[in-house]
Amino acid sequence: GDLVWSGGEDFGLAARSGDSVIVYGTVEKRQVVEGRSKTCHFEEYLDVDAIEFTEDTNDVNIENHREEFEALAARDDAVDIFADSISPELYATPEWECALEALVAYLFGSPRVDVPEGPTIRGDIHVLIVSDYGMGKSMVNEAIADFSPTCIKESVTGMSSDVGLLAAAVEDDFGDGQWTLEPGILVRANGGHVILDEIDKTDADLERMNDALEGQQIVDVNKAGQSATFKSRVGLLATGNPVESRFDKSTPISEQLGIDQSLLSRFDAIVTMEDAANREKDSKVAESQGMAYVEAQEYEYGDRDEFEHLDRVVEPAVGRAWIAEARENHQPTLAPKHVETIRDWYADEIRTLNEQFDNGDGGGDMPVPASARSVMDTIRFAVAFARVHLRDEVTQADVDRAMNLTEQ
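What you see is a predicted model; the values in this text were computed from it and never measured.

Here is what the cut-offs are and how they apply
For every chain, the first residue of the written sequence is number 1, and numbering continues from 1 along that sequence. Where local features are concerned, this predicted model is filtered to residues with pLDDT of at least 70; where side-chain atom pairs are given and counted, the filter is 80 or more; whole-chain, interface and lining totals use all residues. Side-chain metrics rest on all non-hydrogen atoms present in the structure, leaving aside hydrogens and water. Note on exposure labels: buried denotes an accessible area under 20% of the residue type's maximum, exposed denotes more than 50%, and partly exposed covers the range between, all computed with a 1.4 Å probe on protein chains only. Helical segments are the DSSP runs of H or I of at least four residues, strand segments are the runs of E of at least two, and each set is numbered from the N terminus. Strands were regarded as paired on the criterion that DSSP finds at least two bridges between them. Residue contacts follow a heavy-atom distance rule, with two residues in contact if any of their heavy atoms lie within 4.5 Å. To count toward a patch, a residue needs a relative accessible area over 30% and no salt bridge; like charges are then connected within 9 Å, while nonpolar side chains (Val, Leu, Ile, Met, Phe, Trp, Tyr) are connected within 5 Å. Note on areas: Shrake-Rupley, 1.4 Å probe, and residue coverage restricted to the protein chains presented here. A pairing counts as a salt bridge when a side-chain nitrogen of Lys or Arg comes within 4 Å of a carboxyl oxygen of Asp or Glu. A residue counts as positive if it is Lys or Arg and as negative if it is Asp or Glu; His and the chain ends are not included. By convention, the point assigned to a charge is CZ for Arg, NZ for Lys, CD for Glu and CG for Asp. The axes used here are C-alpha line fits, helices contributing only the stretch in contact, and every angle between their N-to-C directions lies in the interval 0 to 180 degrees.

Along any regular strand, the residues point their side chains to alternate faces of the sheet. The buried fraction of strand 12 (residues 235-240) amounts to six of the six residues, a majority that puts the element mostly inside the structure. Because side chains alternate across strand 12, one face comprises the buried residues Gly235, Leu237 and Thr239, and the other comprises Leu236, Ala238 and Gly240, equally buried. Pairing between strand 5 (residues 127-131) and strand 12: four bridges, direction parallel. Along strand 12, the bridge assignment pairs Val130 with Gly240. Relative to strand 12, strand 9 (residues 193-197) runs parallel, the two sharing four bridges. Its bridge partner being in strand 12, Ile195 is matched across the sheet by Leu237.

Our next topic: helix 3 (residues 78-86). Residues spaced three or four apart along an α-helix face the same direction, because each turn holds 3.6 residues. Burial within helix 3 is extensive, with seven of its nine residues counted as buried. Buried residues of helix 3: Ala78, Val79, Ile81, Phe82, Ala83, Ser85 and Ile86, and no others. Tucked into the core, helix 3 has its buried residues touching helix 2 (62-73), helix 4 (94-108), helix 5 (137-147), helix 10 (316-329), helix 12 (373-388) and helix 13 (396-407).

On the surface, Glu67, Glu68, Asp303, Asp305, Glu306, Glu308, Asp311 and Glu315 cluster together into a negatively charged patch. Here Glu308 is to be found in the loop between helix 9 (279-301) and helix 10.

So, on to the side chain of Thr239. Mapping Thr239 onto the fold places it in strand 12. Take Thr239: its relative accessible area is 1%, and that puts it in the buried class. With residues up to four places along the chain from it excluded, the contact list for Thr239 reads Ile129, Lys137, Asn141, Leu196, Asp197, Glu198 and Ile199.

Within a sheet, neighbouring strands are paired by backbone hydrogen bonds and run either parallel or antiparallel to one another. If you trace the five strands from one edge of the open sheet to the other, you get 6-9-12-5-13, paired in parallel fashion. On the outer flanks of this sheet lie strand 6 (151-155) and strand 13 (269-273), each paired with one strand and no other. Each strand axis lies, on average, 10 degrees off the axis of its neighbour in the sheet, ignoring direction. Both strand 5 and strand 13 contribute to a ladder of five bridges, which runs parallel. Paired with Ser131 across the strands is Met273, a residue of strand 13.

By themselves, these observations are geometric and do not establish any function.
This is how it looks when you write it as structure tokens:
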């Protein structure tokens with residue numbers, strides 16, 4: 001009955017098939033009929049009153065933290081303090097500073113634009129981080145999962161096909177061996193975030209994710225005689241290592257990511273990090289990690305009650321409430337004057353990066369060529385940054401920050 005559609009079209013039971021649940025109801029009996037005759041046998045069924053999704057652990061309480069996050073959102077440096085609070089034990093190199101800023105945008109996202117019989121523009125932000133071993137990706141992934149109000153975090157190690165990401169046909173344990181469609185990670189997280197670690201360590205056809213990450217963000221499935229269309233409106237954070245585990249300076253970075261260009265183009269931000277020896281940087285990294293351990297040890301076993309290296313301005317509980325409030329109640333609008341600014345910047349600066357790269361004039365080694373997708377990436381970043389400030393209109397400061405992030 002109506003219970004099937006509780007939660008609406010995007011979050012009703014139809015979108016949750018395959019989830020583990022607790023079902024509450026009353027056990028009833030139905031007399032078995034054979035032909036036109038009633039038998040002495042009765043079959044039991046459950047008259048359902050409520051369903052609890054055991055995988056849902058949403059503990060966000062917006063009102064408990066409203067005063068604190070509204071004060072933080074009003075600060076000019078709101079984006080910076082949020083980025084610094086994600087993983088305080090991490091020494092933020094310039095590459096990590098860029099990545100953390102992109103991850104703030106990823107957490108807040110921008111509103112989806114879905115015009116009836118018109119264009120559909122995703123608001124979810126996708127981020128790819130590829131680095132040499134031991135540069136802190138796993139630590140940051142854990143922290144991002146803590147800050148997200150709704151998140152599924154998985155390692156794709158050993159995933160041999162795309163079914164775990166999109167959908168699988170599963171033979172039912174009961175019901176005369178019928179088959180059902182079990183949604184994958186990108187479907188189950190609809191409306192939230194997905195974190196995929198070790199994306200380089202799978203034989204799965206990752207390009208099958210293309211439609212799930214762009215435009216309508218849907219997953220069409222036709223398997224074992226079953227067909228369905230699932231929604232996959234999620235922001236994706238993917239992390240991994242280059243194809244040879246470490247970057248090779250003699251080979252272009254674009255050839256070392258091991259990801260098809262069509263999928264790479266779906267990411268709004270691609271950050272690559274090489275673990276090159278540098279005494280000053282290495283000293284700071286070692287000191288940051290060591291002092292974080294000392295403080296944690298003293299807090300656990302000693303008399304320390306305050307942190308210095310591990311101090312966070314934004315605690316995860318406050319951050320989750322802040323993000324939930326922004327995503328639920330703030331849909332910042334972009335003004336035509338900002339489009340003009342982005343237009344001129346794109347035509348004068350971004351497109352010329354391709355020429356600089358082709359001519360070897362310092363354009364850098366870009367994972368994907370600069371294209372018109374950069375315009376929408378920048379708009380999504382600008383709107384997300386406006387959301388951080390709980391604004392309903394994008395400001396020039398949001399646009400400037402977004403353009404600077406895209407250009408990096």
